[in-house]
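# Reading the structure
Here is how the chains run, residue by residue.
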Amino acid sequence: METNHKILFQNANNLHQIKDNSIALMITSPPYPMIEMWDGMFSEQNSEIKEALNNKDGSNAFELMNQELDKVWNEVYRVLIPGGIACINIGDATRTIGGNFQLFSSSTRIMNHCLKAGFNALPKILWKKTTNAPNKFMGSGMLPPGAYVTLEHEYILILRKGGKREFTKPHEKKNRQESAFFWEERNIWFTDIWEGLNGVIQKLNDEKIRGRSAAYPFELAYRLINMFSVKGDTVLDPYFGTGTTMLSAMASARNSIGVEIDSNFKDTIIDRTKAIIDYANAINKKRIQQHLEFVKKREAEKGPLKYNHEKYDFKVMTRQDNSLILHDLVSCEQTSDNEFKVNYASNSKEVNGSVTMSSRESNRETSINKREFLEVSQIEQKAGRLNASSLHNFF
Ligand SMILES: C[S@@+](CC[C@H](N)C(=O)[O-])C[C@H]1O[C@@H](n2cnc3c(N)ncnc32)[C@H](O)[C@@H]1O
């Protein structure tokens, strides 16, 4: 099995290289309107934005910034397949402009536009961020009514192009089954409040992009990819930044296309791919370990589980997660200037050093056990920039 990953360094407001109805999932985090760090970038894209900001016209600046984003959401709608899903991570902004403190609700503005563009809204996720900021409270201290509620969360808007995606052919159904997640993962991933996903450390070694990363956690993209696409699908991120979506797609056996206006991100993206094999395989291993722990606890409390996994020698909760396969990465190669190819273990049973194979696999087991698997924490140390700091909370 092989996946391909491509980066386009350009404005995402015109994605003519990408065919209509060709992308299964879009995951992204755009520049946030009215958050100061993005003023310059928005102003470069439309000079009227700079004017509006200079004139202290917050409402107009907010609207014009969103109009830049709208162009990209329209393109996303065009390229998604019927039943394809768009996940937009967005935070609202609070800002004092012209002496007036206000909320600029990008989540509402984006949702309204996407509905007009034709999307159907699905239940959204509220991502509660961990903040230790000592001065997080704003306004007039303890004096009513001039103190303001602190924004400590962002949203992940979830939108669908049309109705439910169809899987009709036998090979499509099989691939979908192999793309399943564990029952106990479902119970965490599909709750509408996500906590414990720490923000990514914003420090970057590269001077050219320092202060511009605004990367989301690997786990955020990894979850969404596994929740809303199947193996072999193509995932698009039109605001690519440091390429977190691509790394998560690589780890999940999906193809990807990233679009980024600032080519200064290139070295960082390439750098991050160098650690993806160890990192992705450690995640696979961790997921299996967590599952084995879950089975042990559940069986101790409620008796034996009913279903044996078809390939791995462990039990699962339901018929739906009994054929899921986690693919280990074997190689990640840069095939051209902005393209990468990832190869996966050809035999799905070669996955995960922690899995005890059934007896008919015992000869294989020996070789599996000889393979050296790094723990997630070791990878974290090795590849700080992948930022796995919250993996332990996550899995
Ligand atoms: C919030 S960051 C995305 C961070 C990314 N999720 C990550 O994990 O690194 C937004 C990115 O969008 C890029 N950007 C802004 N406007 C763009 C546009 N019109 N087309 C393509 N990229 C754009 C910025 O340069 C920035 O890297």
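Let us look at the structure shown here.

The rules we used
Residues numbered from 1 in each chain as written. Predicted model: local features only at pLDDT ≥ 70, side-chain atom pairs only at ≥ 80, totals over all residues. Helix = DSSP H or I, 4+ residues; strand = E, 2+ residues; numbered from the N terminus. Buried ≥ 20, exposed ≤ 12 C-beta atoms within 10 Å, placed from the backbone. Axes fitted to C-alpha atoms, helices over the stretch in contact; angles between N-to-C directions. Parallel < 35°, antiparallel > 145°, perpendicular 65-115°, else oblique. Left-handed = near helix turned anticlockwise from the far one by under 90°. Contact = placed C-beta atoms within 7 Å. Pairing = 2+ DSSP bridges. Near = placed C-beta within 6 Å. Nonpolar A, V, L, I, M, F, W, Y, C, P; charged D, E, K, R; others polar.

## Describing the environment of Glu 152
As for its placement among the helices and strands, Glu 152 is situated in the loop between β8 (147–148) and β9 (153–160). The partly exposed category is assigned to Glu 152, around which 13 C-beta atoms lie within 10 Å. Note: C-alpha distance between Glu 152 and Asp 92 (60 residues apart in sequence) is 9.9 Å.

## Points about the packing of helix α2 (residues 47–54) against helix α3 (residues 58–79)
Across the interface, α2 lies against α3 with an axial gap of 8 Å and an inter-helix angle of 160 degrees. On the basis of the axis angle, α2 is roughly antiparallel to α3. Seen along the crossing, α2 lies across α3 with a hand that is left-handed. In this structure, α2 uses Glu 48, Ile 49, Ala 52 and Leu 53 to contact α3, whose residues at the interface are Asn 60, Ala 61, Leu 64 and Met 65.

## Considering the sheet that holds strand β12 (residues 255–260)
Reading across the sheet, the 10 strands line up as β10-β6-β9-β3-β2-β11-β12-β1-β16-β15 and stay open at both edges, with mixed pairing between neighbours. Each edge of the sheet is formed by a strand with only one pairing partner; in this case those strands are β10 (193–194) and β15 (329–336). Bridge analysis of strand β6 (residues 120–128) against β9 gives seven bridges, and the strand direction is antiparallel. Paired with Leu 126 across the bridge in β9 is Tyr 155. On the sheet, helix α7 (residues 218–228) packs against β2 (23–28), β3 (80–90) and β11 (234–237) and is oriented at approximately 155 degrees with respect to β2.

## Quick word on the site of the ligand
What surrounds the ligand is a group of 21 residues, the closest being Ala 215, Tyr 239, Gly 241, Thr 242 and Thr 244. Elements supplying a minimum of two residues to the shell around the ligand: α1 (39–45) and β12. The class makeup of the residues in the shell around the ligand is 11 nonpolar, eight polar and two charged.

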